[in-house]
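Overview (structure and organization)
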Amino acid sequence: MTAAAQRPAFGTVLAPQMAVVSYHSGAWGEFQVKPVAPIELSPAAHVLHYASTCFEGFKAFRHADGSVHVFRMDKHIERMRQSARHLVLPEPDPRQLADMVRAVIDRCRDAVPEAPGALYMRPLLIGTTANIGAAATPAADASLLVLASPVWDYFAGGMKPLRILVDDVNTRSAAHLGMVKTGGNYAAAMGPTLAARTKFQADQVLFCPGGQVQETGAANFVLLREHELLTRKLDSTFLHGVTRDSLLTLARDLGYAVNEREFDVAAMLDWVKTGEAALSGTAAVLAGVGTLIYRGQEYRVGTGGVGPLTCALRTRLVAIQQGQAPDRHGWLQRV
Ligand SMILES: Cc1ncc(COP(=O)(O)O)c(C=O)c1O
């Protein structure tokens, strides 16, 4: 068996320690770091009935000298606070959450894999108030946890070109909640994604409500061609990816014209006759699309393989994350 074959699937193994803090009577308490174990929750907890929950996902990287660096933690914490606000959950204190992340990384230092692996950090916020009559009442009490997981490839095939089903019927979220990283959005994508897998052997669904290209179930979507990048402009309907922001910055550094605007399925199918398409996210990094499937027909993206621009941009980002290229934008924080 190869080393890659022995690696656990993304997210299936947890590092041994987690950080936990509770919110009661209008204030966060002191956090604790402790061994990962089941948590106690009332069966009437708000989160279990009314889905008052949001989470984050970002990575810490081990550099060649053994030091560990977390990538754009502040931006992820800001996004989590934004998610909490939209869900009327208590907002995490940014300094406390950063301390919790650093404490977990510090206590799980041995679990940070060497490149190309990383320690994936997963803060989770849940409404804990016990009240089954609170459909229209926010949770007054909450818990914030930080979990960690050593990870490698997100897509089982590594750099294999992806098959993506283009779906202009279903939506992955309510229009005002797409920018919120909350479990319900993933629940909404689950059925269409599993159906696309069974029916079309698709890796993911690209949601295009009303024919406008949005994002996939767990990543943003970008189109690339020589010196040009196109992606949907930020609005409330989809997640504002930190990887998206990083890649757009790197593309601008390289002299790309970066276009952020709405575009429809017809424009995308036209683009991919010669251009490239890719999914961007913490887990996917930048994963090339080889085939789009739309209304039962298959459309080859470029040559059908992972395109050279996708590879180059991915390599550039990963080199910064892994400490092999200078961090000109100050994205890494040593822990
Ligand atoms: C729905 C969705 N869109 C986009 C992204 C990409 O966001 P980020 O680049 O911050 O990981 C994610 C998470 O990876 C996601 O779950």
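Cut-offs applied
- Residues numbered from 1 in each chain as written.
- Predicted model: local features only at pLDDT ≥ 70, side-chain atom pairs only at ≥ 80, totals over all residues.
- Helix = DSSP H or I, 4+ residues; strand = E, 2+ residues; numbered from the N terminus.
- Rg over C-alpha atoms; globule rule 2.2 N^0.38 Å.
- Buried ≥ 20, exposed ≤ 12 C-beta atoms within 10 Å, placed from the backbone.
- Near = placed C-beta within 6 Å.
- Nonpolar A, V, L, I, M, F, W, Y, C, P; charged D, E, K, R; others polar.
- Domains from an automatic or database assignment.
- Contact = placed C-beta atoms within 7 Å.
- Expected span 1.5 Å × (residues − 1).

With that out of the way, let us pick up the overall build of the protein. Across its full length, the protein carries eight helices and 18 strands. In terms of C-alpha radius of gyration, the protein reaches 20 Å, essentially the compact-globule figure of 20 Å for 335 residues. C-alpha extents for the protein along the principal axes are approximately 55 × 50 × 40 Å. Per-residue burial for the protein yields a buried fraction of 44% across its 335 residues.

Here the focus is the site of the ligand. Around the ligand, a shell composed of 14 residues is seen, among which Gly-241, Val-242, Thr-243, Gly-281 and Thr-282 lie nearest. Those elements that provide at least two residues to the shell around the ligand are α6 (242-253) and β15 (276-281). For the shell around the ligand, the element with the most residues is α6, which contributes three residues. Class assignment for the residues of the shell around the ligand results in five nonpolar, seven polar and two charged.

Attention now moves to unusual backbone geometry. The omega torsion of the bond from Ala-115 to Pro-116 falls at 10°, within 30 degrees of zero and hence cis. On the secondary structure map, Pro-116 appears in the loop between α4 (94-107) and β7 (118-127). Of note in this structure, Val-88 is not a glycine but carries a positive phi near 55°. Along the polypeptide, Val-88 turns up in the loop between α3 (73-86) and α4. For Val-88, a count of 11 C-beta atoms within 10 Å corresponds to the exposed category.

As a further point, take the domain arrangement of the protein. Structurally, the protein comprises domain 1 (3-151) and domain 2 (162-321). Listed per partner, the contact involves 18 residues of domain 1 and 12 residues of domain 2. Secondary structure elements with two or more residues in the side of domain 1 that touches domain 2: β4 (53-55), β5 (58-62) and α3. Of all the elements, α3 adds the most residues to the side of domain 1 that touches domain 2, at five residues. Taken together, the residues of the side of domain 1 that touches domain 2 break down into eight nonpolar, five polar and five charged.

What follows deals with α6. Helix length check: α6, at 12 residues, gives a terminal C-alpha distance of 17 Å against a target of 16 Å (1.5 Å per residue), a fit within 8%. Along α6, the residues classified as buried are Val-242, Thr-243, Arg-244, Ser-246, Leu-247, Leu-248, Leu-250 and Ala-251. In the stretch just after α6, Gly-255 is the one whose phi turns positive, near 90°.

By the secondary structure assignment, Gln-324 is in the loop between α8 (308-321) and β18 (332-334). Sequence spacing of Gln-324 and Phe-263 is 61 residues, and the spatial spacing of their C-alpha atoms is 35 Å.

This part is about the environment of Ala-174. Considering the arrangement of structural elements, one finds Ala-174 in the loop between β9 (162-167) and α5 (183-200). C-alpha of Ala-174 to C-alpha of Leu-145: the two residues are 29 residues apart in sequence and 26 Å apart in space.

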